[in-house]
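Structure at a glance
In case you want the letters, here they are:
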Amino acid sequence: MKPKFRAFGGASLGAAFLMANSSIGPGFLTQTTVFTQQLLTSFGFVILISVVLDVGAQLNTWRILTVSELRAQDLANRLLPGLGYLLAALVILGGFAFNIGNIAGCGLGLNVLTGMSYEQGALISCGVALLLFWVREIGKMLDGFTKILGTVKILLTLGIAFSAHPPLLQALHHTLLPVKISAAAIVTIVGGTVGGYITFSGAHRLLDAGIKGIENQAEVTRSAVSGIVISTVMRFVLFLAIVGVLSHGAVLEADNPAAGVFRAAAGEVGFRVFGVILWSAAISSVVGAAYTSVSFFKTFHPVFARYERACISVFIVLSTGIFVFIGKPTQLLIFAGAINGLILPIALGIVLVAATSRRLMGSYHHPRWMLAAGWVVVLVMGGLSVPVLVEQVSGMLR
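Residues numbered from 1 in each chain as written. Predicted model: local features only at pLDDT ≥ 70, side-chain atom pairs only at ≥ 80, totals over all residues. Heavy atoms only, no water.

If you look the protein chain up in an unreviewed UniProt entry, it shows as Mn2+/Fe2+ NRAMP family transporter from Hymenobacter artigasi.

This is the structure we're talking about:
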């Protein structure tokens, strides 16, 4: 069959932006800020390593799913009956962790804007999220609004990175030769970028758009790599902005460090704009993470499909309840990335085993170098994530 040559855009670019937008949320901002505070210019090395691991995970996942023409949970069930239920449970668990973090981001955003407590902000945002979900017209309006604010977020971060005058040579030097390395940072950043449902969301978007099969693999590859590039560029720019602000002696708030970066660099106006950006990104992520997570089990039984809206609403309410009970928004946002960093090697391992099955893949032979790269990601993330997650859990219980 001859390859179909298409201009890179439409659903392909949409899938790349869906993946990137899913990863550039409140967790992205908080995780990058916290670990840059700890590692300073050496955090550039964490970004570099995470890019390599991200590409290894995402390229394999997107190519294998689109060649098989099956969603991840269905491919796993075809590989071994019942395995799809395990994969769905893991992705839903990771999505639940992400959603608790998203609710925490809503609380942080409203705290910046109004001064109300994080818990009050979370409860109000839960009500807004349910309203957005049930009243589709409002949801569409917010979706357009969020895209505009996403552009503002990138421009504002670029402006701050430029005005903060970061030590560029030192940052580049330590990106290649770090002074210190953090396993927790690597696991959390990779988990927050391609962990859990995020990497599957883009691949499933391509399947829905009919971009599948061996003939479309060049387009799938471009889309997969583009999503990583978009989120990595944004993370590196944010990293430079934070390093620049810290190099001038700024002291960031422990509860909302990312907001402190924008306040130090752009004053009260930048601080308030950040509040709007953080809340809008978080509230859209609450609905998106709940919707995508529930989509992993709605195909297993007609009752879930019939009561899909009710399931999503319960998912959002439970996420809010747990955040209000636990508090600690910054720690929860870090934890969400860490737990998805543990789920990633399990989910990727299942997909890689499926890639070697002639029964599932037909005449397609997955490139050996890509399989090898995927198993390296599984081994590295599997080895690093367990002790990191144990450390995160013990830290939250203190």
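**Points about the overall build of the protein chain**
Each helix and strand counted, the protein chain has 17 helices and 0 strands in total. Summarising the internal contacts of the protein chain: among those between residues at least 6 apart in sequence, 85% fall at separations of at least 24. Of the roughly 16,300 Å² of accessible surface on the protein chain, 70% is carried by carbon and sulfur atoms. (Helix = DSSP H or I, 4+ residues; strand = E, 2+ residues; numbered from the N terminus. Contact = heavy atoms within 4.5 Å. Areas by Shrake-Rupley, 256 points an atom, 1.4 Å probe, with all protein chains shown as cover.)

**What to know about helix H12 (residues 257-295)**
An ideal rise of 1.5 Å per residue puts 57 Å on 39 residues; H12 reaches only 33 Å between its terminal C-alpha atoms. Along H12, the helix axis deviates most sharply at alanine 266, where the bend reaches about 145°. (Expected span 1.5 Å × (residues − 1). Bend = angle between axes of the 7 residues up to and from the residue.)

**Things to note about the packing of aromatic side chains**
Each aromatic ring pair is characterised by the separation of its centres together with the angle its planes make. The full count for this structure, using the stated rule, is 4 aromatic pairs. Summarising the aromatic geometry, the rings of phenylalanine 96 and phenylalanine 315 are spaced 5.3 Å apart at their centres and angled 75° between planes, so their arrangement reads as edge-to-face. Highlighted residues: phenylalanine 96 in helix H5 (residues 83-114) and phenylalanine 315 in helix H14 (residues 308-326), separated in sequence by 219 residues. Among the residues examined, phenylalanine 96 registers a relative accessible area of 19% and is labelled buried. Here a set of aromatic residues connected by ring pairs shows up, and it is made of Phe43, Phe236 and Phe239. Above the plane of the ring of phenylalanine 271 lies arginine 263, whose end atom (NZ or CZ) is 3.7 Å from the centre. (Phe/Tyr/Trp six-rings, centres within 6.5 Å; stacked < 30°, edge-to-face > 60°. Buried < 20%, exposed > 50% of the residue type's maximum accessible area, 1.4 Å probe, protein only. Lys NZ or Arg CZ within 6 Å of the ring centre and 35° of its normal.)

**A word on unusual backbone geometry**
Phi is positive for leucine 40, close to 55°, though the residue is something other than glycine. Along the polypeptide, leucine 40 turns up in the loop between helix H2 (26-39) and helix H3 (43-68). Given a relative accessible area of 41%, leucine 40 falls into the partly exposed group. The phi dihedral of glutamate 69 falls on the positive side, at around 65°, and the residue is not glycine. Checked against the element boundaries, glutamate 69 lands in the loop between H3 and helix H4 (72-79).

**A look at the nonpolar core**
Phe43, Leu87, Phe200 and Phe323 are the most contacted members of the largest nonpolar core, which totals 119 residues. Beyond its immediate chain neighbours, meaning those up to four positions away, leucine 87 contacts Ala72, Gln73, Ala76, Phe200, Ala347 and Ile350. (Core = buried A, V, L, I, M, F, W, Y, C linked by side-chain atoms within 4.5 Å.)

**Notes on the packing of helix H6 (residues 118-134) against H12**
For any two helices packed against each other, the geometry is given by the interaxial angle and the distance between the axes. With their axes 9 Å apart at the nearest point, H6 and H12 run at an angle of 60° to one another. Between H6 and H12, the interaxial angle falls into the category oblique. Every pair of crossing elements has a handedness; the one defined by H6 and H12 is right-handed. Residues Ser125, Val128, Ala129, Leu132 and Phe133 of H6 touch H12, and the partners they reach there are Trp279, Ile283, Val286 and Val287. Here the residues of the contact of H6 with H12 are counted per class, giving 8 nonpolar, 1 polar and no charged. (Axes fitted to C-alpha atoms, helices over the stretch in contact; angles between N-to-C directions. Parallel < 35°, antiparallel > 145°, perpendicular 65-115°, else oblique. Left-handed = near helix turned anticlockwise from the far one by under 90°. Nonpolar A, V, L, I, M, F, W, Y, C, P; charged D, E, K, R; others polar.)

**Comments concerning the side chain of threonine 41**
One can find threonine 41 in the loop between H2 and H3. Judged by relative accessible area, threonine 41 falls into the buried class, the value being 7%. Excluding its chain neighbours within four sequence positions, the residues that come into contact with threonine 41 are Pro167, Gln170, Ala171, His174, Thr175, Phe239 and Val243.

**Topic: a nonpolar patch on the surface**
The grouping of Leu48, Leu172, Leu176 and Leu177 at the surface amounts to a nonpolar patch, some 400 Å² of accessible area in total. Mapped onto the fold, leucine 48 is located in helix H3. (Patch = residues over 30% accessible without salt bridge, like charges linked within 9 Å, V, L, I, M, F, W, Y side chains within 5 Å. Salt bridge = Lys/Arg side-chain N within 4 Å of Asp/Glu carboxyl O.)

**Digging into H4**
Owing to its 3.6 residues per turn, the α-helix aligns residues three or four sequence positions apart on the same side. Judged by how many residues are buried, H4 sits mostly within the fold: 6 of 8 residues are covered. Looking only at H4, the buried set comprises Ala72, Gln73, Leu75, Ala76, Asn77 and Leu79.

**Focus: the packing of helix H11 (residues 217-247) against H12**
Running from amino to carboxyl end, H11 crosses H12 at an angle of 65°, the nearest separation of the two axes being 10 Å. Judged by the angle between their axes, H11 and H12 are roughly perpendicular. Two packed elements cross with a definite hand, and for H11 against H12 that hand is left-handed. Contacts from Ala241, Ile242 and Val245 in H11 reach Val261, Ala264 and Ala265 in H12. Considering only residue class, the contact of H11 with H12 consists of 6 nonpolar, no polar and no charged.

**Considering the side chain of threonine 175**
Among the secondary structure elements, threonine 175 is positioned in helix H8 (residues 168-176). Here threonine 175 falls in the buried class, since its relative accessible area comes to 7%. What threonine 175 contacts, discounting residues up to four positions off in sequence, is Thr41, Gly44, Phe45, Leu48 and Phe236.

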